[in-house]
Amino acid sequence: LDTAQAALRALSVLHGLTDAGATGDLCAIEAQLQQETRRKQYFWAQWTRIAICSTFLAKLRRRRRCRQAGVIVTRFLLSASIQQNMQYAIRHNVAILKRVQRAVRNVLGIKQSRRLLMGLILAGCEVDMLKRSWAEADLGLIKRETRRLRSIRTVKERRSCERAIAVVKETYRRYTRPKTPGDHAFLQDMLEAQSLPPWLMHSMVRHADECRRRRILDWNLELGRREEAYRRELQTWQDIETAMQLINPEVHNPAPRPTPPTQPRLPFIVERDAAMRIVRRAHQWYLQRLKEDKELDSPAAREAADAAVRTL
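It should be emphasised that the depicted structure is a prediction, and the values quoted were computed from it without experimental measurement.

(A) Structural context of the overall build of the protein. Summing up its helical and strand segments, the protein has 10 helices and 0 strands in all. Helices and strands appear in the protein in the N-to-C order α-α-α-α-α-α-α-α-α-α. For the protein, with 312 residues in total, the buried portion stands at 27%. Across the protein, contacts joining residues at least 24 apart in sequence account for 61% of those joining residues at least 6 apart. Carbon and sulfur atoms make up 57% of the accessible area of the protein, which totals about 22900 Å².

Right, dumping it as structure tokens:
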């Protein structure tokens, strides 16, 4: 800036001269002045960029939420300002972003796989429950018809009863041990007619996953409290052991040493017993709503079903 001011003073003096030497000096001074002006603009832009970054960093550090959300941006700006190598900082932080993206993609994939497995378990429990209910009804009918067959004397009634028993046995065989494509199609039609709608099944899967996560969170909190109590008991036991050793090196703490809390294996998906209870209660609720109101595909009915699933 001092050089530019000196050039401006010389330029004001040379404006009154008209000879060739003065004209050449004037061109040189103008070129020097333009160069100094460009340097001034460059340095001013650099300082402006640093000021903006400093303000942004101050805002990030002032708010906790923004600081937590902007850790990656903060690290990038700090590395860029410390290392003075923008290209290396960009490559380094892009690699960090890629690792974060891979981690988020893996977490989302695990979550989707877990919900898919939960849906398969709930669907399998529903199929088992329906087959069990059909089998109980058919076996009860076969038992009653067989008992009635013993007391029938006429040939026509006996044949009619025997045909009914044969039909029920064949139906029982088709959904318990299907063999032909026709048997599989028959079983699929029966399941589609009496299964829960897909939107209700999706709601059950979502809330089952939320309950599993709440259970794991509660267990982690309880485990943290147990570990804290274990550390206090262990510290007390060690203090007593140290005091007794100072009094008599041959004497030890007679109390048993505290044992650390054991962490059981937390469920990755919902357990089958719990899934069976969920499906049974959902079927009871669905059949009751069908008796009361047959319009269950409306948004209001789906919201009521979603609220009811939370209480299962």
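(B) Looking closely at the nonpolar core. Among the nonpolar cores identified, the biggest contains 21 residues, and Leu-122, Leu-196, Leu-200 and Met-204 are the most heavily contacted of them. Those elements that provide at least two residues to this core are helix 5 (86–150), helix 8 (198–247) and helix 9 (272–292). It is helix 9 that contributes the most residues to this core, 8 residues altogether. Sequence-distant contacts of Leu-196, that is, excluding residues within four places in its chain, are made with Glu-126, Met-201, Met-204, Ala-282, His-283 and Tyr-286. Counting 7 residues, the second-largest nonpolar core is a separate cluster that includes Ala-135, Tyr-175, Leu-187 and Leu-191.

(C) Region of interest: the pattern of salt bridges. Applying the stated criterion across every chain yields a total of 10 salt bridges. A salt bridge links Arg-174 to Asp-183, with the shortest nitrogen-to-oxygen separation between them at 2.9 Å. Connected through salt bridges with shared partners, the residues Glu-170, Arg-173, Arg-174 and Asp-183 form a single ionic network.

(D) Highlighting the packing of aromatic side chains. For the structure on display, the rule yields 2 aromatic pairs. Residues Trp-134 and Tyr-175 carry aromatic rings whose centres are separated by 5.5 Å and whose planes lie at 75 degrees to one another, so their mutual orientation is edge-to-face. Of this pair, Trp-134 sits in helix 5 while Tyr-175 is found in helix 6 (residues 155–176), placing the two residues 41 residues apart along the sequence. On the basis of relative accessible area, Trp-134 is assigned to the buried category, the value being 8%. A connected cluster of aromatic rings, assembled from ring pairs, spans Trp-134, Tyr-172 and Tyr-175. The ring of Phe-186 has Arg-174 sitting right over it, with the charged end atom 4.4 Å from the ring centre.

(E) Seen up close, a positive patch on the surface. Among the surface-exposed residues, Lys-98, Arg-99, Arg-102 and Arg-105 lie close enough to one another that they form a single positively charged patch. Counting through the fold element by element, Lys-98 comes out in helix 5.

(F) View of a nonpolar patch on the surface. Where nonpolar side chains cluster on the molecular surface, the patch consists of Val-100, Val-104 and Leu-108 and spans about 240 Å² of accessible area. Its place among the elements puts Leu-108 in helix 5.

(G) Molecular detail of helix 9. Taking 1.5 Å per residue as the helical rise, helix 9 with its 21 residues ought to reach 30 Å, and the 30 Å between its terminal C-alpha atoms agrees with that figure. Among the residues making up helix 9, those that are buried are Ala-274, Ala-275, Met-276, Ile-278, Val-279, Ala-282, His-283, Trp-285, Tyr-286 and Arg-289.

(H) Representation of the confidence of the model for the protein in the model. Per-residue pLDDT for the protein averages 76, and the proportion of residues at 70 or more is 68%. Low pLDDT, under 50, characterises residues 13–20; the stretch is placed with 6 contacts to residues that sit more than four places away or in other chains.

(I) Local environment of the environment of Arg-272. Following the sequence through the fold, Arg-272 ends up in helix 9. A residue is classified by how much of its surface remains accessible, and Arg-272, at 43% relative accessible area, is partly exposed. When the C-alpha atoms of Arg-272 and Leu-122 are compared, they prove to be 8.1 Å apart, with 150 residues separating the residues in sequence.

(J) Structural context of the packing of helix 8 against helix 9. Orientation of helix 8 relative to helix 9, taken along the N-to-C sense of each, is 140 degrees, at an axis distance of 12 Å. Between helix 8 and helix 9, the angle is such that the two are oblique. In the crossing of helix 8 with helix 9, the sense of the turn from one axis to the other is right-handed. Together, Leu-200, Met-204 and Ala-208 of helix 8 and Ile-278, Val-279, Ala-282, Trp-285 and Tyr-286 of helix 9 make up the contact between the two elements. Within the contact of helix 8 with helix 9, the residues separate by chemical class into 8 nonpolar, no polar and no charged.

(K) Molecular detail of the packing of helix 6 against helix 7 (residues 181–194). One way to put it is that helix 6 packs onto helix 7 with a least axis distance of 8 Å and a crossing angle of 90 degrees. When the axis of helix 6 is compared with that of helix 7, the two are roughly perpendicular. Residues Thr-171, Arg-173, Arg-174 and Tyr-175 of helix 6 pack against Gly-182, Asp-183, Phe-186, Leu-187 and Met-190 of helix 7. Grouping the constituent residues of the contact of helix 6 with helix 7 by class yields 4 nonpolar, 2 polar and 3 charged.

The rules behind the values
Residues numbered from 1 in each chain as written. Predicted model: local features only at pLDDT ≥ 70, side-chain atom pairs only at ≥ 80, totals over all residues. Heavy atoms only, no water. Helix = DSSP H or I, 4+ residues; strand = E, 2+ residues; numbered from the N terminus. Buried < 20%, exposed > 50% of the residue type's maximum accessible area, 1.4 Å probe, protein only. Contact = heavy atoms within 4.5 Å. Areas by Shrake-Rupley, 256 points an atom, 1.4 Å probe, with all protein chains shown as cover. Core = buried A, V, L, I, M, F, W, Y, C linked by side-chain atoms within 4.5 Å. Salt bridge = Lys/Arg side-chain N within 4 Å of Asp/Glu carboxyl O. Phe/Tyr/Trp six-rings, centres within 6.5 Å; stacked < 30°, edge-to-face > 60°. Lys NZ or Arg CZ within 6 Å of the ring centre and 35° of its normal. Patch = residues over 30% accessible without salt bridge, like charges linked within 9 Å, V, L, I, M, F, W, Y side chains within 5 Å. Lys, Arg positive; Asp, Glu negative; His and termini not counted. Charge placed at Lys NZ, Arg CZ, Asp CG, Glu CD. Expected span 1.5 Å × (residues − 1). pLDDT = per-residue confidence, 0-100. Axes fitted to C-alpha atoms, helices over the stretch in contact; angles between N-to-C directions. Parallel < 35°, antiparallel > 145°, perpendicular 65-115°, else oblique. Left-handed = near helix turned anticlockwise from the far one by under 90°. Nonpolar A, V, L, I, M, F, W, Y, C, P; charged D, E, K, R; others polar.

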